[in-house]
Amino acid sequence: MATSAQEMDLSQPRAKGRRWLKALLALLVVIVGAFTTLGMWPVTPDFVGSEGTAGVDPNGGGLKKTYPALVVPADNPAPSDAKQDPRVELGRLLFFDPILSGANDVSCATCHHPDLGFGDGRRLSMGKGGKGLGAERLGGDVIKRGAPTIWNATFNHKQFWDGRAETLEEQAKGPITNEHEMAENPDQLIKELKAIPEYVQKFEQAFNNKAGESLTLENIAKAIATFERTLTANNSPFDKFVAGDRSALTAAQKRGFNLFRSGKTRCFECHGVPTFANRDFKIIGVPELEGQEKDFGRFDVTKGEGNKFAFKVPTLRNVTLTAPYMHNGRFASLDEVIDFYAAGGGPGVGNPVPQLDDKMRSYSITKEEKADLIAFLHSLTDESSLPAFPEKVPSGLSVVSRLNNPAREIAKAANIGATAEERVERQPTTITVRAGQSIQAAFNIARPGDTIEVEPGIYHESLTIDLDNITFKGKNTASPFEYAKTKPDEAKVGTHQVMGWPILDGRNELADGIIATGSNFRIEGLEFRNYKANGIQVQHAHKPIFRDLFVNNSGLYGTYPVSCTGVLIEKVACTRIADAAIYVGQSRDIVVKDSIAYASVTGIEIENSVNSLVENNLVFDNASGILVFLLPNNVSKVGRDHKVLNNKVIGNNHANFGNPNAIVGQVPSGGGILVMAADNVEVANNEIRENNSYGVAVASLDISFPKGTQFDVGPTPENVWVHSNTYVNNGAKPDPKILQNGLQGTDLLWDLSGYTNRWDEANAKRMIPLPSSPFPLFVRRGYWRVLNWYAKYLG
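Residues numbered from 1 in each chain as written. Predicted model: local features only at pLDDT ≥ 70, side-chain atom pairs only at ≥ 80, totals over all residues. Heavy atoms only, no water.

1. Here we look at the sheet that holds strand β15 (residues 580-585)
Ordered in space as β6-β9-β11-β13-β15-β18-β21-β24-β27-β30, the 10 strands form an open sheet in which the pairing is parallel. Edge strands, defined here as strands with exactly one partner in the open sheet, are β6 (463-465) and β30 (746-750). Averaged over neighbouring strand pairs, the angle between their axes works out to 5° when direction is ignored. As paired elements, strand β11 (residues 534-539) and strand β13 (residues 557-562) share 5 bridges and run parallel to each other. For valine 538, the partnering residue across the bridge sits in β13 and is proline 561. (Pairing = 2+ DSSP bridges. Helix = DSSP H or I, 4+ residues; strand = E, 2+ residues; numbered from the N terminus. Axes fitted to C-alpha atoms, helices over the stretch in contact; angles between N-to-C directions.)

Below, the structure written as structure tokens:
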């Protein structure tokens, strides 16, 4: 008794001390929160990416894509009528006039020659003091990089290989004043131009000023930029094919296009329709030229470590006219470019670089496939907007001469089109494919509105379809989904023969099971197995439906809708997938329900998308269960408005067998549900049990990327609400990656990012007390401040 009394006496001061500490902490939280709310301690807001999912057209799908909005300053609008706008003609004359250079011997057209695809044919461009044109130009100052094409430059988000100019106007001024390029003194240039009456008159007409007031360096840049905005290439054979002329492409070009957008090459992920470019800067590891100093690319502008060796993704329109290739002209031909990508980029050619883009993965390609891919690139050739060379310019100086570009004749020979076939108008019909017949042959004769119905059997094919309103289904006596649901272990083996539904089997030889585009594409009652890239890939589609499917061992993704709207994935089972079993990316208005994902790296992944519902799914035996991500360096810069409800997330402790160089390869094993950087996410009423690392984790991008990385999306998750879930035995054996980040295995994990997040989970384990709904936002903000201060200075 005495001992107990002594213990009680000792415990009373400890208890009092803890109460005082808690009271002090609460007071500190309130004070800090109030100061932050009043603006005395400002919070840096999360960067919000572009609204909407870039690449998604809510009014339709397929390959018919609208071009992005032009980057145009308010004081120099794009020409509404290029033939009537006096700025266009003035810009054309200035573009060809060497008066813009200090020695009156270099014009814009010297390095951006129209006959060379608006490049100059050199590895590294040559400016001041050079003699000659194209690859033969010699004797002048060598520039740090090659001249990028200005075809479709009007759609560039930023200009130059490193993006240092925001607009074409800003870009135009750069070379004029650069000491190694045109080396002109702006005051001297204005003086020279004012001495030429024709230029004075044309500037006054273009900019509505009097007495030479319009003749300024700013207006010179505006005129050139306006002219350059007319240099668009959008009437190529490929564009005619997209518009409905199915004979516009040759058979080789169609095969090449299928390869271009396959999961094998993944070209389309950076060079998407319609620009065949994107607005990001990518790290791919192009080797330096011999003797060339290291070029850090975008890093020179941003100073962010994540941008070191990153360069702009250029357009592929008219690419066959613009050799050599890459920012330093490292590759003389498209053959060499393809070899570089097939090797996996820099690391595959002996040039490892930090933070290599995770889409850079090696693949095998045959000589015939390479020829088809290049044939497709020829189909992007269009010089219908090629400007006329002036016979003379107002300065009287010499205009660059025309050049012979052999690539033009090669492109012309490649673009002969397919043999035209009669396409008699008819009503939609059902085309039945029997065992032993070709499904692709049925696709080739299909028209919008048709149903392709396939009888049970095993088909060794890789399919493509580019039509709207197509239904592709099995003529079944049994359900592939129900088979996988009731016998998951047996189904996973993947050796079963005909089972009452059609089986598409790539035999680990073919890349994709199917690639589809088009609105209202519906696929159901089929099994896909043993493909090397993806199972079911649907691009740029409106209202695609995936139903009653089983996908097994199909490479990176099982279902793979990307840049779609109105996606429905229902009663789909996927297993043995090396990235995400059920994936939806860069899309909006998504429903994934009543499906099963197991024995894969990730069960279900929603990435850089808007407005999804993930409901009533069974996700088990994956490395990680459900991921809701917003990742950098994608076309879509936004991820928000997601609901993860009523799912069973059980025992996701599989070893992570994803590519270690990809982001998914870094995801810890043993995870239930992970929300990373996405905003406005509700996670509720899920059964989450027996996941060794955690039940639900909420984290920022900072936890997965090197310190100092600059992101093009908001890295912090905001307004995540986790509530009313059931947790059983999570966190019992956490992945070492969890422990290395100073975290523990538990039900609820938080990396202290985002003060607007809240957890209403009375019975869940957690490392620290988590903010909940009853607390006002300013209290949550203050608590977040205190926790981050503690982690930074005392943790």
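2. Observations regarding the nonpolar core
With 69 residues, the main nonpolar core has Phe472, Ile514, Ile523 and Phe528 as its most contacted residues. Here the element with the most residues in this core is strand β14 (residues 565-575); it accounts for 4 residues. Setting aside anything within four residues of it in sequence, one finds isoleucine 514 in contact with Phe443, Leu463, Ile465, Phe472, Phe521, Ile523, Phe528, Gly535, Ile536 and Gln537. If you look at the next biggest cluster of nonpolar residues, it comprises 45 residues, including Phe257, Phe331, Leu373 and Val562. (Core = buried A, V, L, I, M, F, W, Y, C linked by side-chain atoms within 4.5 Å. Buried < 20%, exposed > 50% of the residue type's maximum accessible area, 1.4 Å probe, protein only. Contact = heavy atoms within 4.5 Å.)

3. Let's talk about the side chain of asparagine 156
Among the structural elements, asparagine 156 can be located in the loop between α3 (108-111) and α4 (168-177). If sequence neighbours within four positions are ignored, asparagine 156 has contacts with Val71 and Lys312.

4. What about the side chain of threonine 451?
Mapped onto the elements, threonine 451 comes out in strand β4 (residues 451-454). A residue is classified by how much of its surface remains accessible, and threonine 451, at 18% relative accessible area, is buried. Sequence-distant contacts of threonine 451, that is, excluding residues within four places in its chain, are made with Thr429, Thr430, Ile431, Thr471 and Lys473.

5. Brief notes about the packing of aromatic side chains
Following the criterion strictly, the structure yields 27 aromatic pairs and no others. With centroids separated by 5.5 Å and ring planes inclined at 75°, the aromatic side chains of phenylalanine 95 and phenylalanine 96 adopt a geometry described as edge-to-face. An identical accessibility class is assigned to phenylalanine 95 and phenylalanine 96; each is buried. In textbook terms, an aromatic cluster arises when at least three aromatic residues are bridged by ring pairs, as seen for Phe95, Phe96, Phe118, Trp151, Phe227 and Phe389. Of note, arginine 164 hangs over the ring of phenylalanine 160, and the distance from its end group to the ring centre comes to 3.7 Å. (Phe/Tyr/Trp six-rings, centres within 6.5 Å; stacked < 30°, edge-to-face > 60°. Lys NZ or Arg CZ within 6 Å of the ring centre and 35° of its normal.)

6. A few points about empty space enclosed by the protein
One pass over the structure, following the stated rule, counts 1 cavity of 30 Å³ or more. In this structure, the largest cavity is lined by Leu63, Phe257, Phe260, Arg261, Phe268, His271, Gly272, Val273, Phe276, Gln539 and His540. By residue class, the composition of the lining of the largest cavity is 6 nonpolar, 4 polar and 1 charged. (1 Å grid on protein atoms, 1.4 Å probe; cavity = no way out; pocket = protein on both sides within 12 Å on 5 of 7 lines; lining within 4 Å. Points joined across faces, edges and corners; volume = space filled by probe spheres on them. Nonpolar A, V, L, I, M, F, W, Y, C, P; charged D, E, K, R; others polar.)

7. Some remarks on the pairing of strand β18 (residues 602-607)
Of all the 6 residues making up β18, 6 are buried; the element is thus mostly covered by neighbouring parts of the structure. Note that β15 and β18 share 5 bridges and pair parallel. The residue bridging tyrosine 583 from the neighbouring strand is glutamate 605, located in β18. Pairing geometry for β18 and strand β21 (residues 624-629), over 5 bridges, is parallel. The residue of β21 that forms the bridge with isoleucine 604 is isoleucine 626.

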